[in-house]
Amino acid sequence: MKPARLLLLLSGCALLLAPAVLCCGPGRVVGSRRRPPRKLIPLAYKQFSPNVPEKTLGASGRYEGKIARNSERFKELTPNYNPDIIFKDEENTGADRLMTQRCKDRLNSLAISVMNQWPGVKLRVTEGWDEDGHHSEESLHYEGRAVDITTSDRDRNKYGMLARLAVEAGFDWVYYESKAHIHCSVKSEHSAAAKTGGCFPGRALATLEDGAQTPLWALRPGQRVLAMDGAGRPTYSDFLAFLDKEPRALTTFHVIETQEPPRRLVLTPTHLLFVAENASAPTAHFRPIFASLVHPGHFVLVVAGGGSLQPAEVVRVWDRRDVGAYAPLTRHGTLVVDGVVASCFALVQEQQLAQLAFWPLRLYHSLVGWPGVQGDGVHWYSGLLYRLGRLLLPPDSFHPLGISQAES
């Protein structure tokens, strides 16, 4: 194993064993005492969360181009008429009310938090979508993916906590940018950057050990689901956790359709899928590649009658939008989704490396049991591994959508 990859694995082990990190996981350990409510800590001036540049995959993702009123993408913006939010709208054009649906959902959630935190105070938006070029080059304001906010009473002593509430409301990047406002932004609605990796739609189906099928959103830790072992054989594997979980995310997925037998798999372009160039390849020789590289003529593995795995030819590939994005992790690192064998991993085109890197997490679950209800968003361990990988692995190890663009 190359030194950088060995260091990535060892770093993952160290992070998992660190007591401070163990406390970051959502939920509580089975059998443990319930912890008191978590105290919210205000952001400090010039602090941003997460602690990565805004236009990277671990935050709001790359800039995708300015949206103008006469452009095709203008239909991606939706007005926000929430009466619990004050819009400054100094241009008197309604531009500050226009934003992506993801941004609108987070802003509406934040408005509730603000009123709960400070009765009688409302959330105030000073900048939203910018059509006049008032921001820096490649600002996410030009795509309706960013807002600048204050409280209605403009009490600057509240802004640190306002920033923390924005993080809790689900904004993908929050920056205590100025003494006069907090900057918040979200991931793109229509690109794979909105998914922080690889996922399936929530209504995609997994197969339980008793033969029943369940939507991915309903999976619970400890359930055993149909997967594939390292020798290419079907097996039932423990579901451990979601590496990413976005119930309301509107995402563009790849749809991969086969015939003989007919199957249809929906997943993000950065996800790994096992393929071969011909139907005669043994199942153990199917290699993992990014879903965006799969094309008609490739063969994927599907579940046939009797539960065996067999190759099926890809006959069509296209894109479609769906709501809800989930990235399940199993003990074997594979999963059968809608009858097709897929990897649990994304972004890096190396199944074995990813499986090794998640060994500490599998060990952790073996030692402490299953966690409680998992919160939405990226799992803390996969987020840390991604950041380590960006430091230790060469850029060409990642899917192009995982490379940071125009860092702020």
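Residues numbered from 1 in each chain as written. Predicted model: local features only at pLDDT ≥ 70, side-chain atom pairs only at ≥ 80, totals over all residues. Heavy atoms only, no water.

Participant: Please set out the packing of aromatic side chains residue by residue, giving values where relevant.
Facilitator: Enumeration over the complete set of coordinates arrives at 10 aromatic pairs. Seen in terms of ring centroids, Phe48 and Tyr175 are 5.7 Å apart; in terms of plane orientation they differ by 80°. Their pairing is edge-to-face. Separated by 127 residues along the polypeptide, Phe48 in strand 1 (residues 48-49) and Tyr175 in strand 7 (residues 173-178) bring together distant segments of the chain. We classify Tyr175 as buried; its relative accessible area is 17%. Joined through ring pairs, the aromatic side chains of Phe345, Phe358, Trp380 and Tyr381 make up one cluster. (Phe/Tyr/Trp six-rings, centres within 6.5 Å; stacked < 30°, edge-to-face > 60°. Helix = DSSP H or I, 4+ residues; strand = E, 2+ residues; numbered from the N terminus. Buried < 20%, exposed > 50% of the residue type's maximum accessible area, 1.4 Å probe, protein only.)

Participant: Mind laying out the nonpolar core, listing which residues take part and the relevant values?
Facilitator: The biggest cluster of nonpolar side chains holds 48 residues, and the ones touching the most others in it are Phe200, Leu216, Leu273, Leu329, Phe345 and Phe358. No other element matches the 7 residues that strand 13 (residues 234-259) contributes to this core. Those residues within four positions of Phe345 in sequence are excluded, and the remaining contacts are Leu243, His271, Leu272, Leu329, Gly333, Gln351, Ala354, Gln355 and Phe358. Counting 28 residues, the second-largest nonpolar core is a separate cluster that includes Leu110, Leu162, Cys184 and Val186. (Core = buried A, V, L, I, M, F, W, Y, C linked by side-chain atoms within 4.5 Å. Contact = heavy atoms within 4.5 Å.)

Participant: Give a description of the state of the cysteines that names residues and reports values.
Facilitator: Applying the stated criterion across every chain yields a total of 0 disulfides. The cysteine Cys184 is free of any disulfide, with Cys103 supplying the nearest cysteine sulfur at 8.1 Å. Accessibility expressed as a relative area gives 0% for Cys184, which makes it buried. (Disulfide = S-S within 2.5 Å.)

Participant: Lay out helix 7 (residues 380-392) with the relevant residues and their values.
Facilitator: Taking 1.5 Å per residue as the helical rise, helix 7 with its 13 residues ought to reach 18 Å, and the 18 Å between its terminal C-alpha atoms agrees with that figure. Listing the buried residues of helix 7 in full gives Trp380, Tyr381, Ser382, Gly383, Leu385, Tyr386, Leu388 and Gly389. (Expected span 1.5 Å × (residues − 1).)

Participant: Outline helix 4 (residues 159-168), supporting the account with residue identities and numerical values.
Facilitator: Within helix 4, 8 of the 10 residues are buried, which leaves the element mostly enclosed by the surrounding structure. Along helix 4, the positions that sit buried rather than exposed are Tyr159, Gly160, Met161, Leu162, Ala163, Arg164, Leu165 and Ala166. In this structure, the buried side of helix 4 is in contact with helix 3 (101-117), strand 5 (123-127), strand 6 (146-151), strand 7 and strand 8 (181-185). After helix 4 finishes, the residue Gly170 shows a positive phi value of roughly 105°.

Participant: Could you give me a rundown of the pairing of strand 20 (residues 340-346), with the residues and numbers involved?
Facilitator: With 7 of 7 residues buried, strand 20 lies mostly within the body of the structure. Bridge analysis of strand 15 (residues 271-276) against strand 20 gives 2 bridges, and the strand direction is antiparallel. Paired with Leu273 across the two strands is Ala342, which belongs to strand 20. In the sheet, strand 19 (residues 334-337) pairs with strand 20 via 4 bridges, with the strands oriented antiparallel. Opposite Thr334, over in strand 20, you have Ser343 as the bridge partner. Taking the residues between adjacent antiparallel strands as the criterion, strand 19 and strand 20 are bridged by 2 residues, where Asp338 takes a positive phi near 50°. (Pairing = 2+ DSSP bridges.)

The quantities given are spatial measurements derived from coordinates; they are silent on function.
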